[in-house]
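An overview of the molecular structure
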Amino acid sequence: DAMVIQNPRYQVTQFGKPVTLSCSQTLNHNVMYWYQQKSSQAPKLLFHYYDKDFNNEADTPDNFQSRRPNTSFCFLDIRSPGLGDAAMYLCATSPRQGRLPDHFGPGTRLTVL
Amino acid sequence: GNSVTQMEGPVTLSEEAFLTINCTYTATGYPSLFWYVQYPGEGLQLLLKATKADDKGSNKGFEATYRKETTSFHLEKGSVQVSDSAVYFCALSVDWGTSYDKVIFGPGTSLSVIP
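I will try to describe carefully the structure that is included in this document. All figures in this text were calculated on a predicted structure; none of them were measured in a lab.

Attention shifts here to the overall build of chain B. Within chain B, the regular secondary structure consists of zero helices and 12 strands. Reading chain B from its N end, one meets helices and strands in the order β-β-β-β-β-β-β-β-β-β-β-β. Here the C-alpha atoms of chain B give a radius of gyration of 14 Å, agreeing with the 13 Å that 2.2 N^0.38 yields for 115 residues. Seen along its three principal axes, the alpha-carbon backbone of chain B occupies a region of about 45 × 30 × 25 Å. The buried share of chain B, taken over its 115 residues, is 43%.

Given below as structure tokens:
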């Protein structure tokens, strides 16, 4: 089945230690999104890629970066995680710009010690 | 700015009970409204949508009606099943005719259905 896969499902890192979360998709969708979801809060869009074009949300901290080496993969890099970055990170895809994110991965839960 | 408010959970119901999850919104422009569902261990899925006032979205026995006068989009189901246990997210996006703006999610409401 076509799907969105996130690895790992659970990630533990230390305060200040860089961490990378990965997302892959078999849908061949042009758009990939990263959302941050803190406990009992709404998912918050961090950034998205339309093909190779990177679109950062205005309030996304500089600590968060992303890479998309090809259509299938997208990475979220947190350069110096703080305690406030502990959250669920959701990856999603959409077939093209201006369409809703219609496939979501199961998420990676990040713990910062 | 655009925002979505949902009733706080968790909501616990017995099987075959009637479900209502309240959702209200504030938006500029003409938003489309959505309900997403997240089953345990899975990603969010689009459950239903309505694109203009008085539209009713429906899927899998769930319904929601776009009420512009009350800025609401309440989710209802007449008889819930254990398999409906999940987190439900109300969301909106402004439809600019040929494309959607980014989706704004509510905080989610957790539903547990007990046999």
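What follows is about the nonpolar core. Proteins that are soluble and globular tend to have nonpolar side chains buried together. All names here are of chain B. Grouped together as the largest cluster of nonpolar side chains are 26 residues, with contacts concentrated most on Trp35, Leu47, Leu48, Phe73, Leu75 and Tyr88. Of all the secondary-structure elements, those providing two or more residues to this core are strand S2 (11–14), strand S3 (19–21), strand S4 (23–26), strand S5 (31–38), strand S6 (44–50), strand S8 (62–65), strand S10 (86–94) and strand S12 (109–114). Ranked by the residues each element gives to this core, the list is headed by S10, at four residues. If sequence neighbours within four positions are ignored, Leu48 has contacts with Leu33, Phe34, Trp35, Gly57, Ser58, Asn59, Phe62, Glu63, Ala64, Phe73 and Leu75.

Here we take up the packing of aromatic side chains. All names here are of chain B. Enumeration according to the criterion identifies 14 aromatic pairs over all chains in this entry. Between the aromatic rings of Phe62 and Tyr88, the centroid separation amounts to 5.5 Å while the plane-to-plane angle is 40 degrees, which identifies the pairing as tilted. With Phe62 in strand S8 and Tyr88 in strand S10, the pair connects residues that are 26 residues apart, well separated along the chain. For the pair formed by Phe62 and Tyr88, the shared burial category is buried. Judged by centre distance (6.4 Å) and plane angle (85 degrees), the rings of Phe89 and Phe105 are edge-to-face.

Turning our eyes to something else, we now look at the sheet that holds strand S7 (residues 56–59) of chain B. All names here are of chain B. If you trace the four strands from one edge of the open sheet to the other, you get S3-S9-S8-S7, paired in antiparallel fashion. Strands at the two margins of the open sheet, each flanked by one partner only, are S3 and S7. Strand-to-strand twist in this sheet, taken as the mean axis angle between neighbours without regard to direction, amounts to 20 degrees. Here three bridges tie S3 to strand S9 (residues 75–77), and the two strands are oriented antiparallel to one another. Residue pairing across strands places Ile21 opposite Leu75, the latter belonging to S9.

What counts and how
Residues numbered from 1 in each chain as written. Chains lettered and ligands numbered in written order. Predicted model: local features only at pLDDT ≥ 70, side-chain atom pairs only at ≥ 80, totals over all residues. Heavy atoms only, no water. Helix = DSSP H or I, 4+ residues; strand = E, 2+ residues; numbered from the N terminus. Rg over C-alpha atoms; globule rule 2.2 N^0.38 Å. Buried < 20%, exposed > 50% of the residue type's maximum accessible area, 1.4 Å probe, protein only. Core = buried A, V, L, I, M, F, W, Y, C linked by side-chain atoms within 4.5 Å. Contact = heavy atoms within 4.5 Å. Phe/Tyr/Trp six-rings, centres within 6.5 Å; stacked < 30°, edge-to-face > 60°. Pairing = 2+ DSSP bridges. Axes fitted to C-alpha atoms, helices over the stretch in contact; angles between N-to-C directions.

Any functional reading would require information that these geometric values do not contain.
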